[in-house]
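Chain residues, written in single-letter form:
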Amino acid sequence: MKEALVSKGTHVQIVDSPLPEINENQLLIRVIVSGSNPKDWKLPDLFNIPGATNQGDDIAGIVERVGANVYEFKPGDRVAAFHEMRTPGGSYAEYAVAWQHSTFHIPENISFEAATSAVALYHRLSLPQPWTPITSPLPLIIYGAGSAVGFYALQLAKRSNIHPLLCVAGRSKDYVLSHLDPSKGDAVVDYREGDEAVISGLVAALKDKGFPPVKHALDAVSEGSSARNIGEVFRRVGAIDTPDGVKPKVTFVLGHKQEGVPDGVEQSVTTVGDVHSKEEGKDLGYVFFRYFAKGLHEGWFKGQKWEVVPGGLGGIEGALRKLKAGEASAVKYVFRIAETEGVGK
Ligand SMILES: NC(=O)c1ccc[n+]([C@@H]2O[C@H](COP(=O)([O-])OP(=O)(O)OC[C@H]3O[C@@H](n4cnc5c(N)ncnc54)[C@H](OP(=O)(O)O)[C@@H]3O)[C@@H](O)[C@H]2O)c1
């Protein structure tokens, strides 16, 4: 089969590889569409992953073969799946491998950022689950609401009736706003207007409106001034050192040390890899992947807008370079594998 391997410097080569092996709890999927993610260029570039590796993790395709313990899926089923990162059998290929628990029935492509958002909101921030929605105001900052992680978080938070949603976006501001409910206090501020505008805009969205101080934030950017700005909002609304002793919480999507977060703020890092590596993460993934399928079917949960990059696997390098340059705005680059040169239609 054809497989695309990414190496340092965002170089992609297409090679002939044997079909990947599966174990008894996995599926072999013929990939129809693969998604891409910022980590696909970051891991080889920034984390010195040696050699060239298939970095694709978002699979939409047709089940080819299942392991002996797989009971939910059979060959021919249309599925979406989140491949286990940094293992063989990624989605930048004609065939990919997925675990049963992170696979779901759906004829649409949905990216693994949806799972990241679920881990962030319900595991790291311990916010109310969508099936036990909160009935009183619970402000939440979503920094980078136009990113895939932010956009999925926004939709899940709405399902949990978490409002007001205090969003930070730029080029996607109008798109984000169209998914918010200003009657519940939701607001969006534009990061392109500078840090002080972001901070004062978020503070103003809460002020004199009878909402409690914001104590929860998902930082889907986790770069530049985002952490400092969130910390400053917590400080200005009086969320730190409150008499109840409850600390404000922020969860980041990148693992490096964040500068400028005041003492008294609880910090965590969200890692979507938990849905494959930790028992509680596997359960959360199992539940939420099926819940995403339900939401897509019912229409209250939408995939990030996508753009098909021409050339199949041959389009990956250009798309990863665009991700690296920060050109993607509220869009997911995807590849139709059948368009790859040398792949039978
Ligand atoms: N920890 C994990 O497990 C995990 C999982 C997935 C992703 N990630 C990381 O999470 C981050 C987001 O990933 P993604 O796939 O969601 O990215 P993405 O969709 O490609 O993000 C692009 C978006 O980022 C927004 N943005 C850029 N700078 C911003 C700023 N200063 N303030 C607010 N928004 C800003 C842009 O908003 P506008 O269009 O509005 O300008 C753009 O739409 C990446 O760093 C990725 O590596 C981590």
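Residues numbered from 1 in each chain as written. Predicted model: local features only at pLDDT ≥ 70, side-chain atom pairs only at ≥ 80, totals over all residues. Heavy atoms only, no water.

**What to know about the site of the ligand**
Consideration 1: Near the ligand you find 27 residues, and of these Lys42, Glu113, Ser172, Tyr191 and Ser329 are the closest.
Consideration 2: Arg171 is positioned such that a nitrogen or oxygen atom in its side chain is 2.9 Å from an oxygen atom of the ligand.
Consideration 3: Contact between the ligand and Ala330: an oxygen atom at 3.0 Å from a main-chain N or O atom of the residue.
Consideration 4: Contact with the protein chains removes 85% of the 930 Å² of surface that the ligand exposes when unbound.
Consideration 5: Broken down by class, the residue content of the shell around the ligand amounts to 15 nonpolar, 9 polar and 3 charged.
Consideration 6: Among the domains, domain 1 (2-111 + 304-339) and domain 2 (121-273) are the pair contributing at least three residues each to the shell around the ligand. (Near = heavy atom within 4 Å. Polar contact = N/O pair within 3.5 Å; in protein donor to acceptor, adjacent residues only side chain to side chain. Areas by Shrake-Rupley, 256 points an atom, 1.4 Å probe, with all protein chains shown as cover. Nonpolar A, V, L, I, M, F, W, Y, C, P; charged D, E, K, R; others polar. Domains from an automatic or database assignment.)

**What to know about the packing of aromatic side chains**
Consideration 1: For the coordinates displayed, the defined rule picks out 15 aromatic pairs.
Consideration 2: The interplanar angle of 10 degrees and the centroid separation of 5.1 Å between the aromatic rings of Tyr122 and Phe288 together place this pair among those described as stacked. In this pair, Tyr122 sits in helix H2 (residues 113-124) while Phe288 sits in helix H8 (residues 279-298), placing the two residues 166 residues apart along the sequence. A single burial state applies to Tyr122 and to Phe288, both of which are buried.
Consideration 3: Summarising the aromatic geometry, the rings of Phe151 and Tyr152 are spaced 6.2 Å apart at their centres and angled 50 degrees between planes, so their arrangement reads as tilted. With respect to burial, Phe151 and Tyr152 carry one shared label: buried.
Consideration 4: Over the ring of Trp300 we find Arg159; its NZ or CZ atom is 3.9 Å from the centre of that ring.
Consideration 5: Directly above the ring of Tyr175 sits Lys305, whose terminal nitrogen or CZ lies 4.1 Å from the centroid. (Phe/Tyr/Trp six-rings, centres within 6.5 Å; stacked < 30°, edge-to-face > 60°. Helix = DSSP H or I, 4+ residues; strand = E, 2+ residues; numbered from the N terminus. Buried < 20%, exposed > 50% of the residue type's maximum accessible area, 1.4 Å probe, protein only. Lys NZ or Arg CZ within 6 Å of the ring centre and 35° of its normal.)

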